[in-house]
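Examination of the molecular architecture
The lines below spell out each chain.
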Amino acid sequence: MNLFYFILLIAPLCIFGSPKSFDFKDPKGVNTIIFQLDALLESINGSAGGISGTISYDPTKPESTKGSIVLDASSLRVDNSVLQEHMHGEGWLHVSKFPQIVFTLSNLRNIKTEARVLKATADGKMTIRNVTIIMEVPVELTYLEGLLEKRNKTPGDLLVVRSKFKVKRDDFGIKPGEYLDKVANEIEISINLAGAFPTQ
Amino acid sequence: MLINSPTREPELSIMVRCTLIFLPLSIAMFFWLKDGARLSFWATSEEIHQEVPVVEGMPELGTQTQVIWKDRFICGIETPILGLTFSSLLTLSSFYQKRRLKNLPH
């Protein structure tokens, strides 16, 4: 009987304190990752829209934020079709063999809050072509409670994740040291994603 | 009369020759500049960035960049290079033609 009362007492705390799982598969198709490579002879710009994954976020405990963002490698697009074919090909990203690019977030630290925006450093792991490296990425999170209805016509909350960081292709074994004059080693990645937590 | 004038005819021919020589380069430069003078190679599609509010009608809550791809051909650095190559070839052929005509027995 004591256990019953204990559960009854704890249950509301568990409901209010539990993290919310935000889904980043955007039915509106706005979620995009933008990338840029600025080499000596050529600058390559592109984007990717095949984003999915979930992030579990608790507004009362943002440091324990975790989850993963998955990018469909075949959705990476550049403005030249021949270049895109090469990029997807065996020598570069080999999308048929490695169809996903994954960033796994393990926690947040150095958290600072400015108005609605939470700025932090995200610790995580980036996997490209089956090579995983540990990374720390600056992130900005905006938690918009109850505003999913205005975006997706479904009651719930929104979590906007923004970040700008650089990765090096040679860290992932993508033609290390080759074609550096045309394809830069450093890839600047800019993400601006909205995740949904529907309450119904 | 222009036809009967012995000095006017070669001048006009030089002008036409020069125009024809510089025509490929001029056309190439026109299209290259019109497409934004890209220093990289040609493109088969164009990336258009649009700022969309995260929540419709509430841009104060932040925006997201939506990327729209439009299929269209955009000239790259190869266009003026091709134009220059054609113009150079025409210059060379014109030069050799002139030399050949000069060497013809009268």
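None of the values given here were measured: they were computed from a predicted structure.

1. Digging into the overall build of chain B
- Helix and strand content of chain B: two helices and two strands.
- Start at the N end of chain B and walk to the C end: the helices and strands fall as α-β-β-α.
- Out of the 106 residues in chain B, the part that is buried amounts to 10%.
- Partitioning the contacts of chain B with sequence separation of at least 6, the portion at a separation of at least 24 is 71%.

2. Observations concerning the overall build of chain A
- Per the secondary structure count, chain A includes three helices and eleven strands.
- Listed N to C, the secondary structure of chain A is α-β-β-β-β-β-β-α-β-β-β-α-β-β in terms of helices and strands.
- The dimensions of chain A, computed from C-alpha atoms along their principal axes, are 70 × 35 × 35 Å.
- Among the 200 residues that make up chain A, the fraction classed as buried is 32%.

3. Let's talk about the interface of chain A and chain B
- Counting residues at the interface gives 20 residues for chain A, matched by 19 residues for chain B.
- Among the secondary structure elements, those contributing two or more residues to the side of chain A that touches chain B are strand 2 (32-38), strand 3 (43-48), strand 9 (131-144), helix 3 (148-152), strand 10 (156-168) and strand 11 (186-198) of chain A.
- Counting residues per element, the side of chain A that touches chain B draws most heavily on strand 3 of chain A, at three residues.
- Tallied by class, residues from the side of chain A that touches chain B come to seven nonpolar, eight polar and five charged.

4. Quick word on the nonpolar core
Residue and element names in this part refer to chain A.
- The biggest cluster of nonpolar side chains holds 44 residues, and the ones touching the most others in it are Phe22, Leu71, Leu158, Leu159, Val160 and Val161.
- With six residues, strand 11 is the largest single contributor of residues to this core.
- Once residues within four sequence positions are removed from consideration, Leu159 is found in contact with Phe22, Ile55, Tyr57, Leu141, Tyr143, Gly195 and Phe197.

5. Considering the pairing of strand 7 (residues 100-114) of chain A
Residues and elements named next belong to chain A.
- For strand 5 (residues 66-72) and strand 7, the ladder comprises six bridges, and the chain directions are antiparallel. Along strand 7, the bridge assignment pairs Ile69 with Phe103.
- Pairing geometry for strand 7 and strand 8 (residues 117-128), over ten bridges, is antiparallel. Bridge pairing in strand 8 places Leu108 opposite Ala122.
- Joining the antiparallel neighbours strand 7 and strand 8 is a turn of two residues, in which Ala115 adopts a positive phi near 55°.

6. Brief notes about helix 2 (residues 78-103) of chain B
- Between the first and last C-alpha of helix 2 of chain B there are 37 Å, a value that for 26 residues agrees with the 38 Å anticipated at 1.5 Å per step.
- With respect to burial, helix 2 of chain B is a largely exposed element, only two of its 26 residues being buried.

7. Re the environment of Lys175(A)
Residue and element names in this part refer to chain A.
- Mapping Lys175 onto the fold places it in the loop between strand 10 and strand 11.
- Residue classification places Lys175 among the partly exposed residues on the basis of 13 C-beta atoms within 10 Å.
- As a C-alpha pair, Lys175 and Gly91 span 84 residues in sequence and 7.3 Å in three-dimensional space.
- Setting aside chain neighbours within four positions, we find Lys175 in contact with Gly91 and Trp92.

How each quantity is defined
Residues numbered from 1 in each chain as written. Chains lettered and ligands numbered in written order. Predicted model: local features only at pLDDT ≥ 70, side-chain atom pairs only at ≥ 80, totals over all residues. Helix = DSSP H or I, 4+ residues; strand = E, 2+ residues; numbered from the N terminus. Buried ≥ 20, exposed ≤ 12 C-beta atoms within 10 Å, placed from the backbone. Contact = placed C-beta atoms within 7 Å. Nonpolar A, V, L, I, M, F, W, Y, C, P; charged D, E, K, R; others polar. Core = buried A, V, L, I, M, F, W, Y, C linked by C-beta atoms within 7 Å. Pairing = 2+ DSSP bridges. Expected span 1.5 Å × (residues − 1).

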